[in-house]
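Listed below are the residues making up each chain.
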Amino acid sequence: FPKNAGLGNFAAFTKTPVKHHFISVGGGGNAAAFESAMNHPEQFISSLKTFVNIYNVDAMDIDYEPGRGVPKAYIQRFIALTDQIKAELPSLILS
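Worth saying up front: this structure is predicted, and the values here are computed from it rather than measured. (Residues numbered from 1 in each chain as written. Predicted model: local features only at pLDDT ≥ 70, side-chain atom pairs only at ≥ 80, totals over all residues. Heavy atoms only, no water.)

Caption draft 1: Broad picture of the overall build of the protein. The secondary structure content of the protein amounts to 4 helices and 3 strands. Going from the N terminus to the C terminus, the protein shows its helices and strands as α-β-α-α-β-α-β. With the principal axes as the frame, the protein shows a C-alpha extent of 45 × 30 × 20 Å. Taken over 95 residues, the protein has a buried fraction of 32%. For the protein, the proportion of contacts with a sequence separation of at least 24, taken over those separated by at least 6, is 73%. A total of about 6,200 Å² of accessible surface is found on the protein, and carbon and sulfur atoms cover 55% of it. The positive charge centre, built from 8 side chains, and the negative charge centre, built from 8, are 5 Å apart in the protein. (Helix = DSSP H or I, 4+ residues; strand = E, 2+ residues; numbered from the N terminus. Buried < 20%, exposed > 50% of the residue type's maximum accessible area, 1.4 Å probe, protein only. Contact = heavy atoms within 4.5 Å. Areas by Shrake-Rupley, 256 points an atom, 1.4 Å probe, with all protein chains shown as cover. Lys, Arg positive; Asp, Glu negative; His and termini not counted. Charge placed at Lys NZ, Arg CZ, Asp CG, Glu CD.)

As C-alpha cells, then:
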C-alpha cells in the first residue's frame, strides 16, 4: 500500500498493483447478516454492485459460517444467492 493509504482506505486498496482486488464478506459471527442477504438477495446484490463498481473489486470470498452448521432451510438459498450474484456480476470471481 502507498505510505499514506491508511487503514480501511479502499481507494488506495484498488490502486495497489495486484492481479485481483479480493474482498472477504462474512466470517464467524456474521450468520444473521448472511441469512438476511439470502432472504433479501436483491438488496444485498444491489449494495454489492455499488461497492464493486466504486472500488473496482473483482473477486470476493463469501464466508458463511453459522455456528452450528448451515441450516437446511438456507442451503438452497445460499446456492441461489451465489447464482444471482454471478448472473448480476458475471466477471466477479467468487470463492
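Caption draft 2: Examining a nonpolar patch on the surface more closely. A grouping of Val70, Ile75 and Ile79 is seen on the molecular surface, where their side chains present a nonpolar patch of about 220 Å² in accessible area. Take Val70: it is sitting in the loop between strand E2 (59-63) and helix H4 (72-88). (Patch = residues over 30% accessible without salt bridge, like charges linked within 9 Å, V, L, I, M, F, W, Y side chains within 5 Å. Salt bridge = Lys/Arg side-chain N within 4 Å of Asp/Glu carboxyl O.)

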